[in-house]
Amino acid sequence: MRKLNMYRPGPFFLGWGLFFSIIFPLLLHLITFIAGNNAYFSLAIRASNTIGTVVILILCILICFELLQDKVLDRFFEKNTNVKIRISEKYFECQKCGNNKVHEDQTYCTICGVGFKDKQKAPFNIYY
Ligand SMILES: [Zn+2]
C-alpha cells in the first residue's frame with residue numbers, strides 16, 4: 001500500500017471545495033440580485049453548496065486517514081530504531097541517529113553505537 005500524502009492534493013481539494021461552497025454560490029446570488037430570482041439559480045446554488053460540502057468532507061476524511069497513517073508509521077519507527085535502511089546503492093542510514101554513511105557490512109553504527117538488527121517490513125511503502 002502506498003503512503004498517502006495530502007500536501008499536493010490538499011490545496012486542490014480545499015480550493016475546489018471553497019469555490020463550490022462559497023465563491024460560485026456568491027456569484028449566483030449576485031446574478032439573482034441583479035437579474036431577479038430564478039428557480040434554476042436557486043437550484044444551482046444548492047447544488048453548488050452540496051458539491052462544495054462533499055469535496056471538503058472528502059478532504060477532511062483523507063486528512064484524518066493521513067494522520068492515522070502517520071501515527072502508525074511513527075509507532076513503527078519508534079519500535080525499529082536499531083535498523084539500517086538503504087538510501088543509495090552504497091550507503092545506508094541509521095534510524096537511531098540519522099547517520100547516512102553506514103555501509104552494508106557494518107553491524108553497528110559508528111556514531112551512536114547501536115547494533116543493527118534485520119530490517120522489518122514497513123506497514124506502508126514509504127520510499128517513493
Ligand atoms: Zn547511529
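Residues numbered from 1 in each chain as written. Predicted model: local features only at pLDDT ≥ 70, side-chain atom pairs only at ≥ 80, totals over all residues.

Colleague: Any details on the environment of Asn 100? Residues and values, ideally.
Modeller: Relative to the helices and strands, Asn 100 is located in the segment after β2 (92–94). Asn 100 gets classed as partly exposed once you count the C-beta atoms within 10 Å, which come to 13. For the pair Asn 100 and Val 55, spaced 45 residues apart in the sequence, the C-alpha separation amounts to 41 Å. Leave out the neighbours within four places in its chain, and Asn 100 touches Ile 87, Tyr 91 and Glu 93. (Helix = DSSP H or I, 4+ residues; strand = E, 2+ residues; numbered from the N terminus. Buried ≥ 20, exposed ≤ 12 C-beta atoms within 10 Å, placed from the backbone. Contact = placed C-beta atoms within 7 Å.)

Colleague: So what's going on with helix α2 (residues 39–79)? Residues and values would help.
Modeller: For α2, with 41 residues, the first-to-last C-alpha span of 60 Å sits near the 60 Å given by 1.5 Å per residue. When we look at burial in α2, the residues that qualify are Ser 48, Gly 52 and Val 55. Structurally, α2 contributes buried residues whose contacts are with α1 (9–35). (Expected span 1.5 Å × (residues − 1).)

Colleague: Can you lay out the domain arrangement of the protein chain for me, pointing to particular residues and giving the numbers?
Modeller: Each domain of the protein chain was delimited in the assignment, giving domain 1 (9–79) and domain 2 (80–119). A separation of 44 Å is found between the C-alpha centroids of domain 1 and domain 2. (Domains from an automatic or database assignment.)

Colleague: Kindly report on the environment of Gly 115, identifying the contributing residues and their values.
Modeller: Relative to the assigned elements, Gly 115 resides in the segment after β2. In the structure, Gly 115 is positioned 31 residues away from Lys 84 in sequence and 9.6 Å away in space, judged by C-alpha atoms. Contacts of Gly 115, omitting those with residues within four sequence positions, involve Asn 82, Thr 107 and Tyr 108.

Colleague: Quick one: what's the story with the packing of α1 against α2, residue by residue and with numbers?
Modeller: Packing of α1 against α2 brings their axes to within 8 Å, and their N-to-C directions diverge by 165°. As far as their axial angle goes, α2 and α1 are roughly antiparallel. Relative to α2, α1 is oriented so that their crossing is left-handed. A class-by-class count of the residues in the contact of α1 with α2 yields 16 nonpolar, nine polar and no charged. (Axes fitted to C-alpha atoms, helices over the stretch in contact; angles between N-to-C directions. Parallel < 35°, antiparallel > 145°, perpendicular 65-115°, else oblique. Left-handed = near helix turned anticlockwise from the far one by under 90°. Nonpolar A, V, L, I, M, F, W, Y, C, P; charged D, E, K, R; others polar.)

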